[in-house]
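Residues per chain, in single letters:
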Amino acid sequence: MSKKLIVGNWKMNPASLDEAKRLSRRIKSVASKLQRTETVVCPPFPFIGQTKPKIPVKNFDIGAQSASIFADTGAHTGEVSANMLRDIGVKYVIVGHSEQRQNGDTDEIVSKRLSNVLTQGLIAILCVGEKARDEAGEYMNELKRQIEQSLNNIPAKMAGNIIIAYEPVWAIGAKEAMLPEQIYETSLFVKKIFADVFGPEYGHRVRVLYGGSVNFRNAFEIMTVGKVDGLLVGRESVNSPGFVELLKAVDKIS
Ligand code: PGA
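Bear in mind the structure is a predicted one, so any value in this text is a computation, not a measurement.

Draft legend 1. Molecular detail of helix 5 (residues 107-119). For helix 5, with 13 residues, the first-to-last C-alpha span of 18 Å sits near the 18 Å given by 1.5 Å per residue. Taken together, the buried positions of helix 5 are D107, V110, S111, R113, L114, N116, V117 and L118. G121 occupies a position one or two residues after helix 5 and carries a positive phi of about 80°.

Draft legend 2. Seen up close, the nonpolar core. Formed by 60 residues in total, the largest nonpolar core has its most connected members in V93, L126, I162, I164, F194, Y210 and L231. Tallying contributions element by element places helix 7 (residues 180-198) first for this core, with six residues. Leave out the neighbours within four places in its chain, and I162 touches L118, A124, L126, L151, I154, F194, F198 and V206. L5, V7, C42 and I163 belong to the second largest nonpolar core, which has 12 residues in total.

Draft legend 3. Structural context of the sheet that holds strand 2 (residues 37-42). Around the barrel, eight strands lie side by side as 1-2-3-4-5-6-7-8; this closed barrel has parallel pairing. For this sheet, the mean inter-axis angle between neighbouring strands, taken without regard to orientation, is 25°. Strand direction decides the pairing type here: strand 6 (residues 162-166) and strand 7 (residues 207-211), joined by four bridges, are parallel. Following the sheet pairing, I164 is matched in strand 7 by V208.

Draft legend 4. Inspection of the layout of surface pockets at higher detail. The computed volume of the largest pocket comes to approximately 340 Å³. In this structure, the largest pocket is lined by 17 residues; those nearest its centre are P44, F45, Q65, S66 and Q100. Its residues assigned to classes, the lining of the largest pocket comprises six nonpolar, seven polar and four charged. Counted as a void, the second largest pocket has a volume near 260 Å³. Along the wall of the second largest pocket there are 21 residues; nearest its centre are S213, V214, G234, R235 and E236. Residues belonging to the lining of the second largest pocket are distributed by class as follows: seven nonpolar, nine polar and five charged.

Draft legend 5. How the structure looks around the packing of aromatic side chains. The full count for this structure, using the stated rule, is three aromatic pairs. An angle of 65° between the planes, with centres 5.0 Å apart, marks the rings of F194 and F198 as edge-to-face. Linking F194 with F198, this pair stays in helix 7, spanning four residues, or about one helical turn. F198 shares its class with F194; the two are buried. Between F198 and Y202, the ring centres sit 6.1 Å apart and the planes meet at 65°, which makes this aromatic pair edge-to-face. Taken individually, F198 and Y202 each receive the classification buried, so the pair is uniform in this respect. Here the aromatic cluster, defined as three or more aromatic residues joined through ring pairs, consists of F194, F198 and Y202.

Draft legend 6. Structural context of the packing of helix 5 against helix 6 (residues 138-151). Running from N to C, helix 5 and helix 6 point in directions that differ by 45°, and their axes come no closer than 7 Å. Considered as vectors, helix 5 and helix 6 are oriented oblique to each other. In this structure, helix 5 meets helix 6 at a crossing whose hand is right-handed. Between helix 5 and helix 6, the residues in contact are D107, V110, S111 and L114 and R145, Q146, Q149, S150 and L151, respectively. Among the residues forming the contact of helix 5 with helix 6, the class breakdown is three nonpolar, four polar and two charged.

So, how was this worked out
Residues numbered from 1 in each chain as written. Predicted model: local features only at pLDDT ≥ 70, side-chain atom pairs only at ≥ 80, totals over all residues. Heavy atoms only, no water. Helix = DSSP H or I, 4+ residues; strand = E, 2+ residues; numbered from the N terminus. Expected span 1.5 Å × (residues − 1). Buried < 20%, exposed > 50% of the residue type's maximum accessible area, 1.4 Å probe, protein only. Core = buried A, V, L, I, M, F, W, Y, C linked by side-chain atoms within 4.5 Å. Contact = heavy atoms within 4.5 Å. Pairing = 2+ DSSP bridges. Axes fitted to C-alpha atoms, helices over the stretch in contact; angles between N-to-C directions. 1 Å grid on protein atoms, 1.4 Å probe; cavity = no way out; pocket = protein on both sides within 12 Å on 5 of 7 lines; lining within 4 Å. Points joined across faces, edges and corners; volume = space filled by probe spheres on them. Nonpolar A, V, L, I, M, F, W, Y, C, P; charged D, E, K, R; others polar. Phe/Tyr/Trp six-rings, centres within 6.5 Å; stacked < 30°, edge-to-face > 60°. Parallel < 35°, antiparallel > 145°, perpendicular 65-115°, else oblique. Left-handed = near helix turned anticlockwise from the far one by under 90°.

Following this line, the structure appears as structure tokens:
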């Protein structure tokens, strides 16, 4: 049985380096004592260096929230390459988050970021999710298109380093998460598309996370009824007491 994966997406939080250090210290100390859970936190770029443990911490890793579409060093003002992230010890990179898609990331751009991350041997957390649900099921085509086009040009030998984070956009930053039964159904659909792209053996193995208004109260049910491999957590990941409770709740799942 593989470990559950809980990823904290800090977004553009917290406001200061001091707070970031305090938050990561607390999370590290709890994460290292868990038995069945791996924890990854993804701070903003400037905080990565100082939140990363000096010596490896059991079941704890650092991720980044994006990586450049450019692979090589050069005249790309404001960009951070996957190679640089790997070089400072980052293990995971979130790609295609809906907030980046909203700011202009197309499937083609997402595919370039993904390719650069995987080429560096990093683990990509590819975010996909429909903007809204409709009775006719058009949202399934949207999801299918996002997955297929993001995976375009990615060789099957790299598929093992891709994790899919299913995040319905309407459930991000919302009051309530998606119903666990719906999460289960949709995660099966996501695995099916993944299998259609890379082959059935990859469809069985791919890890699917759920994201969107996860908190310490609903995490256990989302994991057990939704039967996902982990969670991508926004707001609750920068709320130290809530995130610690969430980690402990997930670790109880055998
Ligand atoms: P939320 O964000 O948990 O605050 O809804 C999730 C995300 O955007 O990854």
